[in-house]
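Fold and contact review
The lines below spell out each chain.
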Amino acid sequence: MTSVDNVALGHDAIDREQTRERRESFSAFALNSPAIIWLVFMAVIPIGWSFWTSLHSMNLRRPHRTQFIGLDNYFELLHAPEFLNAIQVTAVFAAGTIAFSLLIGLLLALLLNEEFPGRSLVRALTLVPWAMPPVVVGLVWSWIYDGRFGLLNAIFKSFGIIRESRAWALDPDFAMASLITAQVWHQVPFVTIVFLAALQTIPDEFYEAAKVDGASRLSRFFHITLPWLSQAMLIVLITQTMEALRVFDLVFVLTGGGPGDATTVLGWLTYTRSFSFLDFGRGNSYAFVMAFMTLLLSVFYIRLLWKRGEFAR
Amino acid sequence: MRFGTTRRKFIFGSASAAALAAVKSPAAFAADKGQPESLLRDADEVIDFRNWGSNPPEIIGAHRFLDLHPDVAVQWNNVSFAKYRDALTAEFVGGSKLDSMTIPETELSGWADAGFLAPVDEMPGYEAVAANAVPAAIEAGKGLDGRAYGIPYTMDPFGYVYNRRMLNDAGFGSPPKNLDEIRAQMQAIKKAGINEFPLHLGLKQAPGQMWSIWCFVFGSGGRMFDEENQPLFDGKDDTLSNVLEWYVAAINDWKIVGPDDFGKNWGDGRNDIKQGHVAGGCLARWALRFANVDADSSVRGEVFLGKMPGLERDDVSTVGAFHQIGIAANAQLPEPAWQFIHHISGPEASGSYQTHRERSIAFGGRAAYLPALEHADYVEMVKETNNGETENYNTISEMVRQKEAVKTYWYPEWEAFWMQQVQDALTKKVSVKDALSASAERARRLAKE
Amino acid sequence: MATIEISDLHKRYGAVEIFRNLNLHVQDKEFVVLVGPSGCGKSTLLRMLAGLEDVTDGTISFDGTDVTDLKPKHRDVAMVFQNYALYPHMSVAKNMAFGLRMRGVTNAEIEQRVAAAAGVLGLTEYLERHPRELSGGQRQRVAMGRAIVRTPQVFLFDEPLSNLDALLRVDMRAEVKSLHQRLNATFVYVTHDQVEAMTMADRMVVMNNGTIEQVGAPLQVYDKPANVFVASFIGSPAMNMIRAKPSVANGQKVIRSDDGLTFPHPKNNTGCEGGLIVGFRPRDLNVVDKDTSGAIEAKVEIVEHTGVETLVYVRAGSHKLCMSIDKQEWSGLGESVCVLPDPANTHYFDETTKQRVG
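Let me sum up the structure you'll find in this document. Here the structure is a predicted model, which is why all the values come from computation and not from measurement. (Residues numbered from 1 in each chain as written. Chains lettered and ligands numbered in written order. Predicted model: local features only at pLDDT ≥ 70, side-chain atom pairs only at ≥ 80, totals over all residues. Heavy atoms only, no water.)

A few points about the overall build of chain B
Summing up its helical and strand segments, chain B has 19 helices and 12 strands in all. Against the globule reference of 22 Å for 449 residues, chain B gives a C-alpha radius of gyration of 24 Å, in line with a compact fold. Overall, chain B is about 75 × 55 × 50 Å in size when its C-alpha atoms are taken along their principal axes. Of all 449 residues assigned to chain B, the portion counted as buried reaches 56%. (Helix = DSSP H or I, 4+ residues; strand = E, 2+ residues; numbered from the N terminus. Rg over C-alpha atoms; globule rule 2.2 N^0.38 Å. Buried < 20%, exposed > 50% of the residue type's maximum accessible area, 1.4 Å probe, protein only.)

Side note on the interface of chain C and chain A
Contact residues are listed per partner, giving 26 residues for chain C and 20 residues for chain A. With both chains or domains summed, chain C and chain A bury close to 2000 Å², and 63% of this area falls on carbon and sulfur atoms. On the chain C side of the contact with chain A, C:Pro88, C:His89 and C:Arg132 bury the most area, a combined 27% of that side's loss. At the junction of chain C with chain A, the criterion picks out 2 salt bridges. Notably, a salt bridge pairs C:Arg150 with A:Asp213, separated by 3.1 Å at the nearest N-O pair. Counting every contact that joins chain C to chain A gives 8 residue pairs in polar contact (both at pLDDT 80 or more). Put simply, the parts of the chain that give the side of chain C that touches chain A at least two residues each are α1 (42-50), β6 (77-80) and α2 (92-102) of chain C. No other element matches α2(C), which puts 4 residues into the side of chain C that touches chain A. The class makeup of the residues in the side of chain C that touches chain A is 15 nonpolar, 4 polar and 7 charged. (Contact = heavy atoms within 4.5 Å. Buried area = accessible area lost by both parts, 1.4 Å probe. Salt bridge = Lys/Arg side-chain N within 4 Å of Asp/Glu carboxyl O. Polar contact = N/O pair within 3.5 Å; in protein donor to acceptor, adjacent residues only side chain to side chain. Nonpolar A, V, L, I, M, F, W, Y, C, P; charged D, E, K, R; others polar.)

Here's the deal with the environment of C:Leu24
Structurally, C:Leu24 can be placed in strand β2 (residues 16-26). Along the chain, C:Leu24 and C:Gly64 lie 40 residues apart, while their C-alpha atoms are 13 Å from each other.

Some details on the sheet that holds strand β10 (residues 211-216) of chain C
All names here are of chain C. Spatially, 6 strands are ordered β6-β7-β8-β3-β9-β10 in an open sheet, and the strand pairing comes out mixed. Unpaired on one side and paired on the other, β6 and β10 mark the two borders of the sheet. Strand-to-strand twist in this sheet, taken as the mean axis angle between neighbours without regard to direction, amounts to 15 degrees. When β6 meets strand β7 (residues 154-158), the two strands line up parallel, connected through 4 bridges. Residue pairing in the sheet places methionine 79 in a bridge with leucine 156 of β7. (Pairing = 2+ DSSP bridges. Axes fitted to C-alpha atoms, helices over the stretch in contact; angles between N-to-C directions.)

Structure (structure tokens):
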């Protein structure tokens, strides 16, 4: 409301106006209260509680020795070799899964964006892995990787690539690659769909204009398709990073963090710390560090890509 | 309007149907005397009980308890074993008023130390229970303070379980007496093309697994921790080191252990022997029922129990799992609860150990009391599951010991670290020596915390 | 220098035939407008000139060189699209420079040519903006700028003004026209808007159902529509059309409709033995005295004021006729008037062939 309006309205009118606004904002809150209450009880309080717990030395195996220790859990984990190892393992896993699901998802989306007979069937089939719960994905792959009856061994043996069976997910040289492959297989459909949706919004005119402008197929891809996909890329990068950083189910089913600590990612470490050792103080501090890392990476991506992706559509 | 009425009718109708179903279902179950729900009835005192499972003979036994105590009912809640520790810990911390529960062997001393459990050694009749139980099972019921916090519920000694047909086919007449003989037999089985990876070791990284290591260490007369729960395996006692060196060779050089063994727990081993996928391994005794009796076994009558081979001999010792049953520290009904567990897994008022015995027979083993182990029905069951050869079964009962350090509150955390180190050593990422000194150092550090 | 020669052009999508035997010659530096209702094939024809659509059969030549199978980048053409097709992630300058970059023009020259084009189009201060920060008219200018920096021989426009509001469209019409004069290049322009076609074209090509109905200067097409379609499509409000047959009245040869309206017989009466269609534009229908010979009695049904003119809809027999007169108050709703089409501007078409006669 501008000052001119105020003068014109006079004091009574202003009071009435303010009362009305107050009433409106009150009813807005009232109408939103179920959602707000839900959010407070399901998110705000648990998160706050979890952080409060992370400031304690708290092991449920010794509940009477719980005490407030401030940020000690956080300082301590900076020197904990298993935590530093888990960060390293998680980084390798994240880099591998993000790179491959991005690349394969993009290629698939480009393929599925072309006209060919049976395209809608292929599109539907592409989605199948995504529709599966991660635990089921893990089980499926655990059979593929199985050291005695696994499909992978059968295929490699029939081509003479290996002579002796390997338990791929439990082999120190291949466990991480096995985990990445399963995760990529699971995530590629999502990436493909996001890219495909973005591809389908690219007006044909852009390509035609570029053709008339003399752009080759390759430069059309790099100058039109790729920049147009940057917003989709952002979504994919953020979701894939989050998926990768929080991965747990696949590790649980496929490798159990092993062999040794070769696939002990942060999510797995946090789980064992909290639920195997019942060390909730440290477990919660791990979880917060994970969340913080995800946040940092997301901010980084947004900085990197958001402006480029802001199109007038 | 017509539609509105129909919809309201529909909603009302389905809601009433759901409500009816909800009210009716416990009653429907109650008719089945083998189900735990049937133990709940109108009574002055309701014992709140937790278990990770139940079998019909056990529930039928509990009904005999209800017949003796007309004023008592039992609220029997099952929680899956996988969630049992977390669920019960949450209940204890939350101040839930449960009366009694089964206690996993890994949790007993921790729960006792935390004040969740009531000592039972001054309860009436405890002396008789202790006198009749296998000594190791009674020891396992004691907390770090030496007091008993539970009475034996199950006892699962591990033996060397082997497929005799495969052994015979490879030219051997008797089970191995030491690790060298295991190696020789397994290599022969492998060479004869009977089985590519004939030995199960169960080296999965998971709480409470890697039983075979404890089996061979105890079988060799070795120790891993001393009385004060200080590690011995980084210099004072070489048994673990020698066993692990043998494992390294078995996996990497002789290749008698499958590459998938790092993903197998002992339950997987039980299935593998039952399906003829392996020729031998360290398994709890009741695995024999699965292999020799179960209708879907592909090796019925071929699987036998050997004693526990060590580095040299097979008549020294073996490891076992010992779950307990006990009473919560803030039980509302400690007296009836004691009588109840005394009945469920103890002598009962009659002194017959009937419920314990019948439950154990239904499982195919697991009894922890001599009167049950020696009972004719039980002996008959052992005979059936062991193809008539019961000698080793009885010998193992006398040799069995519980894992060491398992009563410390830090055991799970140490175990997880140790398992990582073991896998790293077995995949030759680190040497056995380094893995063990790191594990020992971790144990000492955790003990100090 | 660029003439365009389209000979015997065929276009089929599978079994669907879009064109058949299309022939058209475009002079160098000519401004040709392809006009017709949607689906008439005008855009397809333009896209074939650009090389964006394959030619099924026939040839397209620029300056006598066969370009039928050349890719767009090898034909010296630029195209302005209906939705501008500005690359959203590039600034105005980069959008305009894109075609030059793709052709490997040096940076210095790109900069100079973009600056020049921006000057011509009044875009200089917007060069660093992105398309999303521009108004519709500015985007349109950028799209044209992108075409002109390349100084091609042939400019192709695909309904470039249809997304602009009416006022802006009038401005841009003039701008495109003056651009044509300045650039001295051949323009081929597609629109469905006959006003655009009339106002901008040197020659207009009226298309319908994949065939060219008439080619000619705007006034020529307006004054002498070659057939019923052109007559009805060009001109607003549309020409009045009445079916009639030769007849005799008062000893004179006339033509008469079923409901008794009579019109003079066309002067050169060749081939009007069968049915005819009589057409006259609303502007050529006048109010006359009752006694005027050939006057048609009619009743006023609707009066519309457009500002410049007043449209009077009258009913004569079973026909509803539109009459356009200079702006005036008209209060006689429902009253009878006598009207008469200007005989000099009355058009006759063969009812069977739909072609102009006389």
